[in-house]
Amino acid sequence: MSTPKIKTTVEEMVQPYLDEHGFELVDVEYVKEGSNWFLRVFVDKEGGIDIDDCGLVSEYLSQKLDENDPIPTAYFLEVSSPGAERPLKKMEDVAKSVGKDVFVTVYEAVDGMKEFEGKLESFENEELVIKSGKKQHVIPYARVASARLAIIF
């Protein structure tokens, strides 16, 4: 089974449990590091997620993975919080982050730059407006390569 198919299968397995318990699926990764494979599931909830929440999701998903056995190789399952600098994978994630500090990279330069860090002022009509210092940058969502929350000191 291909990596994208594994990710989709795992998302479909865990989503009903997450919905029922008020969790949000942030991301699923299936990666090889050295000789080991890792299935990483990042979840969050309003007010943040703790180790007990991760344990509950891990137990549920582990049981589902054992029942359905969609991954032919041995792997390590990790369920965790996305952290303070969580990735913004979907448009909904970006929309929820208006007013917060973000770090964004783009495929094609905007205003002569490919990286932006600052406050996400707005997200309307599929355009991010990021204020960095005294400058505002308008970035088409289609050009965004990656986006995450940022901790700016």
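You'll find the structure just up there.
What this report covers is the structure whose coordinates are included nearby. Keep in mind the model is a prediction, meaning the values are calculated, not measured. (Residues numbered from 1 in each chain as written. Predicted model: local features only at pLDDT ≥ 70, side-chain atom pairs only at ≥ 80, totals over all residues. Heavy atoms only, no water.)

Description of the nonpolar core
The nonpolar side chains of soluble globular proteins are, as a tendency, buried together. Among the nonpolar cores identified, the biggest contains 20 residues, and Val10, Leu18, Val43 and Val57 are the most heavily contacted of them. Residue assignment for this core shows that the elements contributing at least two residues are helix H1 (3-21), strand E1 (24-33), strand E2 (36-44) and helix H2 (51-68). Counting 16 residues, the second-largest nonpolar core is a separate cluster that includes Val94, Ile130, Val144 and Leu149. (Core = buried A, V, L, I, M, F, W, Y, C linked by side-chain atoms within 4.5 Å. Buried < 20%, exposed > 50% of the residue type's maximum accessible area, 1.4 Å probe, protein only. Helix = DSSP H or I, 4+ residues; strand = E, 2+ residues; numbered from the N terminus.)

Concerning the pattern of salt bridges
Taken as a whole and assessed by the stated rule, the structure comprises eleven salt bridges. Arginine 86 is paired through a salt bridge with aspartate 44; the nearest N and O atoms lie 3.2 Å apart. Linking arginine 86 in the loop between strand E3 (76-80) and helix H3 (91-96) with aspartate 44 in strand E2, this pair joins segments that are 42 residues apart in sequence. For the pair arginine 86 and aspartate 44, a shared accessibility class is recorded, and that class is buried. Three or more residues joined by partner-sharing salt bridges are found here, namely Glu24, Asp44, Arg86, Asp93 and Lys96. (Salt bridge = Lys/Arg side-chain N within 4 Å of Asp/Glu carboxyl O.)

A look at the environment of glycine 118
On the secondary structure map, glycine 118 appears in strand E5 (residues 113-124). The sequence separation of glycine 118 and valine 28 amounts to 90 residues, and the corresponding C-alpha distance is 27 Å.

Regarding the packing of H1 against H2
Closest axis-to-axis distance for the H1/H2 pair is 10 Å, and the angle between their directions is 135°. Relative to H2, H1 is oriented oblique. Both H1 and H2 take part in a crossing whose hand is right-handed. Within the contact between the two elements, H1 uses Val10, Met13, Val14, Tyr17 and Leu18 and H2 uses Leu56, Val57, Tyr60, Leu61, Lys64, Leu65 and Asn68. Partitioning the contact of H1 with H2 into residue classes produces ten nonpolar, one polar and one charged. (Axes fitted to C-alpha atoms, helices over the stretch in contact; angles between N-to-C directions. Parallel < 35°, antiparallel > 145°, perpendicular 65-115°, else oblique. Left-handed = near helix turned anticlockwise from the far one by under 90°. Contact = heavy atoms within 4.5 Å. Nonpolar A, V, L, I, M, F, W, Y, C, P; charged D, E, K, R; others polar.)

Some remarks on the environment of valine 79
By the secondary structure assignment, valine 79 is in strand E3. Residues valine 79 and cysteine 54, spaced 25 residues apart in sequence, show a C-alpha to C-alpha distance of 5.6 Å. The contacts of valine 79, once residues within four sequence positions are left out, are Val41, Val43, Cys54, Val57 and Ser58.

Some thoughts on the layout of surface pockets
Volume-wise, the largest pocket comes out at about 240 Å³. Its residues assigned to classes, the lining of the largest pocket shows two nonpolar, three polar and eight charged. (1 Å grid on protein atoms, 1.4 Å probe; cavity = no way out; pocket = protein on both sides within 12 Å on 5 of 7 lines; lining within 4 Å. Points joined across faces, edges and corners; volume = space filled by probe spheres on them.)

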